[in-house]
Amino acid sequence: MDSCVIPSRHKGISIVQTTDFFYPLVDDPYMQGKIACANVLSDLYAMGVTECDNMLMLLGVSNQMTLIERQVITPLVIKGFNDLALESGRAVNCGQKVLYPWFIIGGVASCVTSNNVFIMPENAVVGDVLVLTKPLGTQIAVNAHQWLEDAKWWDRIKDVTTPEEVEKAYEDAMQCMARLNRNAARLMHKYSAHGATDVTGFGILGHARNLAANQRSDVSLVLHTLPVLANMVKIFKACGINFKLLEGFSAETSGGLLICLPRDKAESYCDELKALDGQPAWIVGEVVPGNREARIEIDPKIIEVKLG
């Protein structure tokens, strides 16, 4: 599961908790703080938990940075993390900051809740569809942005893209990664979701496999559509690095929720989520009879996602 569920000593009450951290991946310290906070909270949201009772921040500040760099960057990262935590409805209560060889940012999110509030990721049934709430391709967008300043790598992709396309994808990726999955989690209850996971480091197929393996029924998950940030497919094909984007294993950071929904409710879910978040969601697959596996169809449909 994306979060651990710990029974408390009080009948019918559990603690839902998650911990996550990673290295910086964008140039903007403030946005990096927001992305880290969104990434931590996403594990609660994948369980249908929309409220966080306690939020801690974990921060490893690199001792390879100069004093001035630490004095400028660290407060911006902290502010970004705090601001998004407040947007989620919970201030950061405390945390831990240490000097470390590498810069690391993350946190701990906890919710004390009755057992009927969270949605266990185990109740998919044949006929459900799979909905994805954020596009794929963030890893490639971040790398391509770095290649703008490295001639060796830029030479590999300059014939298929432009600096303007790369900058747009990078900005879209940052906005996606910093967007909370909170509304997506709220609507899971309204539209009777049968389980979910968030798409992060294992890629969409890696997380779909984890979700499939956890099901009570004899089902499998089949992905037929891959929504990808605009221009990232052609950059992936030209760059010479096997990110495994079309195989479903390209890492994402603070990605969307992959949700099992009743077929007759999925379109309404996507429409309402778009109205709330201002960004689309997509039906990307279905639940079929099987042995708790997941796969991508041969030649899946690719949607080039251009965010407004």
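Notes on the structure follow.

**Describing the pattern of salt bridges**
Pairs can form between side chains of opposite charge once their charged atoms are near each other.
And step 1. Scanning all chains against the criterion turns up 10 salt bridges.
And step 2. Arg-182 is the partner of Glu-51 in a salt bridge, and the nearest nitrogen-oxygen pair spans 2.8 Å. Here Glu-51 is found in the loop between helix H1 (29-45) and strand S3 (54-62), whereas its partner Arg-182 is found in helix H6 (residues 182-190), with 131 residues between them in sequence.
And step 3. When the shortest N-O distance is used, the salt bridge between Arg-179 and Asp-277 registers 3.3 Å. Residue Arg-179 is found in the loop between helix H5 (163-177) and H6, and its partner Asp-277 is found in helix H9 (residues 263-277); the two are separated by 98 residues along the sequence.

**As for the layout of surface pockets**
And step 1. Each pocket or cavity is described by its volume, and for the largest pocket that value is around 250 Å³.
And step 2. Leu-25, Gly-201, Ala-251, Glu-252 and Thr-253 are the residues nearest the centre of the largest pocket, which is lined by 15 residues in total.

**Section: H1**
Working note: α-helix, 3.6 residues per turn, so residues spaced by three or four point in the same direction.
And step 1. Between its terminal C-alpha atoms H1 stretches 24 Å, which fits the 24 Å expected from 17 residues at 1.5 Å a residue.
And step 2. For H1, the tally of buried residues reaches 16 of 17 residues, placing the bulk of the element in the interior.
And step 3. Two or three places before Tyr-30, at the start of H1, stands the capping residue Asp-28, its side-chain oxygen 2.9 Å from that residue's backbone nitrogen.

**Concerning helix H2 (residues 67-87)**
And step 1. Compared with the 30 Å implied by 1.5 Å per residue over 21 residues, the 31 Å span of H2 between its first and last C-alpha is a close match.
And step 2. Buried residues of H2: Thr-74, Val-77, Gly-80, Phe-81, Leu-84 and Ala-85, and no others.

**Points about the environment of His-224**
And step 1. Note that His-224 resides in strand S8 (residues 219-229).
And step 2. Counting along the chain gives 71 residues from His-224 to Arg-295, while the straight-line C-alpha distance between them is 8.9 Å.
And step 3. Setting aside residues no more than four positions away along its own chain, His-224 makes contact with Ile-283, Val-284, Gly-285, Glu-297, Pro-300 and Lys-301.
And step 4. In this structure the side chain of His-224 is engaged in a polar contact, spanning 2.7 Å, whose partner is the side chain of Thr-225.

**A closer look at the nonpolar core**
And step 1. Core analysis: the biggest nonpolar cluster contains 81 residues, and Leu-41, Met-55, Leu-223 and Leu-258 have the highest contact counts within it.
And step 2. It is H1 that provides the largest number of residues to this core, a total of nine residues.
And step 3. Here Leu-41 is in contact with Cys-52, Met-55, Ser-88, Ala-109 and Leu-180, once residues within four sequence places are set aside.
And step 4. The next biggest cluster of nonpolar side chains, apart from the first, holds 18 residues, and it includes Ile-119, Ala-184, Leu-257 and Cys-270.

Each value, and the rule that gives it
- Within every chain, residues take consecutive numbers counted from 1 along the sequence as written.
- Side-chain atom pairs in this predicted model are given and counted only at pLDDT of 80 or more, local residue features only at pLDDT of at least 70, and totals for whole chains, interfaces and linings cover all residues.
- By convention in this description, side-chain values take in all heavy atoms of the structure and omit both hydrogens and water.
- The salt bridge definition used is simple: a Lys or Arg side-chain nitrogen within 4 Å of an Asp or Glu carboxyl oxygen.
- Numbering of helices and strands runs from the N terminus; a helix is a DSSP stretch of H or I covering at least four residues, while a strand is a stretch of E covering at least two.
- Both cavities and pockets are sets of points on a 1 Å grid over the protein atoms alone; in a cavity a 1.4 Å probe fits but cannot get out, in a pocket the set is open with protein on both sides within 12 Å along at least five of seven lines, and lining residues sit with an atom within 4 Å of a point.
- Grid points are joined across faces, edges and corners, and a volume is the space filled by probe spheres set on the points.
- Here the expected span of a helix is defined as 1.5 Å times the quantity of residues minus one.
- Think of it in three bands: residues with accessible area under 20% of the maximum for their type are buried, residues over 50% are exposed, and the middle band is partly exposed, with areas taken using a 1.4 Å probe on protein chains only.
- N or O atoms within 3.5 Å of each other form a polar contact, as long as, within protein, one can give a hydrogen and the other can take it, and as long as residues adjacent in sequence are counted only when both atoms are side-chain atoms.
- Only heavy atoms matter for contacts: two residues are in contact if any of them lie within 4.5 Å across the pair.
- For the purposes of this section, nonpolar cores are sets of buried Ala, Val, Leu, Ile, Met, Phe, Trp, Tyr and Cys residues that join through side-chain atoms within 4.5 Å.

The values are spatial; any link to function lies outside them.
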